[in-house]
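Chains, contacts and geometry: an overview
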Amino acid sequence: MSDTTNLHIAVVGGGPGGYAAAFLAADLGMAVTLIDPEVNPGGVCLYRGCIPSKALLHVAKLLEESQQSKDWGIEFAAPKIDLARLRSWKESVVKKLTGGLGVLSKQRKVHYVQGRAALENSTTLRVTKSDGTQESLIFDRIILATGSRPAIVPTLKLDSPRMMDSTGALNLEDIPATLLVVGGGYIGLELGSVYAALGTRVTVVEMLPGLLPGADRDLVTPLHKRLEKMFDGILLNTTVAAVKDEGGGIRATFDGPEVKEREKVFDRVLVSVGRKPNSEIPGLEKTRVQVGPRGFIQVNKQLQTDDPDIYAIGDVVGEPMLAHKASHEGRIAVEVIAGHKVAFEPNAIPAVVFTDPEIAWCGLTETEAQRQNREIKVTRFPWAASGRAITLDRPDGMTKLIFDPQTERLLGVGIVGAGAGELIAEGVLAIEMAALARDVASTIHPHPTLSETIMESAEVFFGTSTHIYRPKRG
Ligand SMILES: Cc1cc2nc3c(=O)[nH]c(=O)nc-3n(C[C@H](O)[C@H](O)[C@H](O)COP(=O)(O)OP(=O)(O)OC[C@H]3O[C@@H](n4cnc5c(N)ncnc54)[C@H](O)[C@@H]3O)c2cc1C
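Reading the values: the criteria
- Residues numbered from 1 in each chain as written.
- Predicted model: local features only at pLDDT ≥ 70, side-chain atom pairs only at ≥ 80, totals over all residues.
- Heavy atoms only, no water.
- Helix = DSSP H or I, 4+ residues; strand = E, 2+ residues; numbered from the N terminus.
- Rg over C-alpha atoms; globule rule 2.2 N^0.38 Å.
- Buried < 20%, exposed > 50% of the residue type's maximum accessible area, 1.4 Å probe, protein only.
- Near = heavy atom within 4 Å.
- Polar contact = N/O pair within 3.5 Å; in protein donor to acceptor, adjacent residues only side chain to side chain.
- Areas by Shrake-Rupley, 256 points an atom, 1.4 Å probe, with all protein chains shown as cover.
- Pairing = 2+ DSSP bridges.
- Salt bridge = Lys/Arg side-chain N within 4 Å of Asp/Glu carboxyl O.
- Axes fitted to C-alpha atoms, helices over the stretch in contact; angles between N-to-C directions.
- Left-handed = near helix turned anticlockwise from the far one by under 90°.
- Contact = heavy atoms within 4.5 Å.
- Nonpolar A, V, L, I, M, F, W, Y, C, P; charged D, E, K, R; others polar.
- Expected span 1.5 Å × (residues − 1).
- Disulfide = S-S within 2.5 Å.
- Core = buried A, V, L, I, M, F, W, Y, C linked by side-chain atoms within 4.5 Å.

Concerning the overall build of the protein
- Within the protein one finds 13 helices and 22 strands.
- Taken against the 2.2 N^0.38 rule, which gives 23 Å for 474 residues, the C-alpha radius of gyration of the protein at 24 Å falls within 12% of a compact globule.
- Here the C-alpha coordinates of the protein stretch approximately 70 × 60 × 45 Å along the principal axes.
- Here the protein holds 474 residues, and the buried ones make up 51% of them.

Pasting the structure below:
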């Protein structure tokens, strides 16, 4: 390992990409400066993304289960929602975690600067601190981890307090009677679920023929069915052509072949149509860094930009825009700087939609295999045959595995069901370890757990799943 103790690294952006990079660089003995506008590291994920949304989804789940419990002989009174307290609990979660990162940063002697950075050249940053003072700092290497922001659709640009992006929706200013969610991606569905659980009548509009484009359709179906009950409406193949603030609400005009009601008024509108990379970093043009046509900073497998002294990681370099991908890239970039022979080349990046049921997948999807015309063998284990799923009264799940039929190697995993987000980690490990169907099938899983559905789905590969009877042919 080369000596990296004399290297001075700057990390621009304190999200899960930036702080993971900064912390590893400090652990490897480098001098590290981490710059972010917030008082502590955390970025979008901790302040206005993953963490606050999951805190609210936890509450949504509780509310949903308190309804379902009637079927189990337990009836609760109608919930009283103290919105101020719910908000402050969510904020306390964010504060606890970002404060913890602040402590970890100090313990590692990372020089944390609250402010914004601009590039003066490939190795010099002009930092404008939160108190307004400016400072030019010179580094050996710079890692750009500036993340992303909500995308804006020109037709939905309306200066009205009733219009929200994901950040506004997480602020939870009120519980509107009606909410229009524009965009059937994971952020819209997660936040729509929160509001629906709190009592809002939610309508989701998606311009494509299905929710969650990118996920296999058989994983989406159980969620779609449940959301149809939870939401007022799910309008597919539909776009919102215009929005108008009429004082008492936002009038939305719908467009599409299946539209029955052309116009409808909503108390609030959440626009969640994707995210845009924050690649317009001031002074970037003074370096050799190249930005691609979709606005992502271009990097190679070592996360190095076209400027050899500058690396870039996380949402600003491309899809999937997920926190764990950003962190992994951050750690790889630092290892590369430290002289290790590494590259960002995962076999599986998990994606989780934290709705109810959850959807999670990793590695090759069936849709992608079809697109590539690649021969695969898919096995499915329905949760109706899982003892644990029945004890939870959640048989509406399915675990599917995607194998290479020749080598029997596991290529992909898809799960829909309560807690799928936790289960998918086993799939990621199995794929990364190049597990074969036999490896997964003959690994003893604890009973009764939902994790058994992964083992049994692998048993399906051999036609010998314990809890599925398949009559012999002939
Ligand atoms: C509502 C919502 C829910 C989400 N849920 C999940 C989830 O459950 N799981 C998941 O994996 N992902 C989730 N995400 C996505 C996740 O938040 C991002 O993928 C992740 O935060 C990306 O990390 P990052 O380090 O690339 O950048 P970010 O977290 O975006 O952080 C970038 C930081 O850089 C700062 N910055 C920008 N420019 C400058 C500059 N010039 N100088 C200094 N600082 C600068 C920004 O202010 C920001 O703090 C969610 C996102 C949203 C919006």
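With respect to the site of the ligand
- Taken together, 37 residues lie around the ligand, and G17, D36, K54, D315 and A323 are the ones closest in.
- Between the ligand and C45 there is a distance of 3.3 Å, counted from an oxygen atom to a backbone nitrogen or oxygen.
- M321 places a main-chain nitrogen or oxygen 3.2 Å from an oxygen atom of the ligand.
- Taken by itself the ligand offers 1,000 Å² of open surface, and the protein chains cover 95% of this.
- Those elements giving two or more residues to the shell around the ligand turn out to be α1 (16–27), β2 (31–36), α2 (43–48), α3 (50–68), β3 (111–121), α6 (186–198) and α8 (323–337).
- If one sorts the elements of the shell around the ligand by residue count, α2 sits on top with 4 residues.

Regarding the sheet that holds strand β15 (residues 268–271)
- Read from one edge to the other, the open sheet built from 5 strands follows the order β8-β15-β9-β10-β11, with strand pairing classed as parallel. Two strands close off the open sheet at either side, each with one partner strand: β8 (163–164) and β11 (233–235).
- In this sheet, β15 lies alongside strand β9 (residues 178–182) in parallel orientation, the contact comprising 4 bridges. Counterpart to L179 in the pairing with β15 is R268.

Digging into the pattern of salt bridges
- If you walk through the whole model with that rule in mind, you get 27 salt bridges.
- The partner of E246 in a salt bridge is R251, with the nearest N and O atoms 2.7 Å apart.
- Note on E246: relative accessible area 37%, which makes it partly exposed.
- You can call R251 partly exposed: its relative accessible area is 27%.

Examining the packing of α6 against helix α7 (residues 217–230)
- Two elements in contact, α6 and α7, have axes whose closest approach is 11 Å; the angle formed by their N-to-C orientations is 35°. By crossing handedness, the relation of α6 to α7 is classed as left-handed. Of α7, the residues touching α6 (which contributes L189, S193, A196 and A197) are L223, L227 and M230.
- In terms of residue class, the contact of α6 with α7 is made up of 6 nonpolar, 1 polar and no charged.

Overview of α1
- Counted at 1.5 Å a residue, the expected span for α1 with its 12 residues is 16 Å, and the 16 Å between its end C-alpha atoms agrees.
- When we look at burial in α1, the residues that qualify are P16, G17, G18, Y19, A20, A21, A22, F23, L24, A25 and A26.
- As for α1, its buried residues are in contact with β1 (8–12), β2, α2, α4 (83–107), β6 (141–144) and α8.
- Positioned one or two residues after α1, G29 has a phi angle of 95°, which is positive.

Concerning the state of the cysteines
- Applying the stated criterion across every chain yields a total of 1 disulfide.
- Counting only cysteine sulfurs, C50 is the nearest neighbor of C362, a cysteine outside any disulfide, at a range of 18 Å.

Regarding unusual backbone geometry
- Look at the link from E319 to P320: it is a cis peptide, with omega at -10°.
- Mapped onto the secondary structure, P320 falls in the loop between β17 (310–312) and α8.
- With omega at -10°, the peptide bond leading from H447 into P448 counts as cis.
- Non-glycine residue N373 carries a positive phi angle of around 60°.
- With respect to the helices and strands, N373 occurs in the loop between α9 (366–371) and β20 (377–382).

Here's the deal with the nonpolar core
- L189, V202, L211, L212, L227, F231 and I359 are the most contacted members of the largest nonpolar core, which totals 41 residues.
- It is α6 that contributes the most residues to this core, 7 residues altogether.
- Setting aside residues up to four positions removed in sequence, V202 forms contacts with L179, V181, G192, Y195, A196, F231, D232 and G233.
- One finds I9, Y19, C45 and I313 within the second-largest nonpolar core, a separate group that totals 29 residues.

Some words on the pairing of strand β5 (residues 134–138)
- Direction of pairing for strand β4 (residues 124–129) relative to β5: antiparallel, over a ladder of 5 bridges. Opposite T124, over in β5, you have I138 as the bridge partner.

Some details on the sheet that holds strand β13 (residues 250–255)
- Read from one edge of the open sheet, 3 strands run β12-β13-β14, paired in antiparallel fashion. Lying at the two open borders of the sheet, with one neighbouring strand each, are β12 (239–245) and β14 (263–266). Sheet twist, expressed as the average angle between the axes of neighbouring strands with direction ignored, equals 25°.
- The pairing of β12 with β13 spans 6 bridges and is antiparallel. Residue pairing across strands places K244 opposite R251, the latter belonging to β13.

Notes on the packing of α1 against α8
- In contact at an axis separation of 7 Å, α1 and α8 are set at 30° when each is read in the N-to-C sense. The way α1 lies across α8 gives a crossing that is right-handed. Contacts between α1 and α8 involve P16, G17, A20, A21, L24 and A25 from the former and A323, A326, S327, G330, R331, V334 and E335 from the latter.
- Considered class by class, the residues forming the contact of α1 with α8 number 8 nonpolar, 3 polar and 2 charged.

Examining α7
- With 14 residues, α7 extends 20 Å between its outermost C-alpha atoms, agreeing within 8% with the 20 Å of an ideal straight helix rising 1.5 Å per residue.
- Of the positions making up α7, those classed as buried are L219, V220, L223, H224, L227 and M230.

Structural notes on the environment of L211
- Mapped onto the fold, L211 is located in the loop between β10 (201–205) and α7.
- Using a relative accessible area of 1% as the deciding quantity, one classes L211 as buried.
- L211 sits 136 residues away from N347 along the chain, and the two C-alpha atoms are 25 Å apart.
- Once residues lying within four places of it in the same chain are set aside, the contact partners of L211 are G184, L189, V204, E206, R217, V220, H224, L227, I234 and L236.

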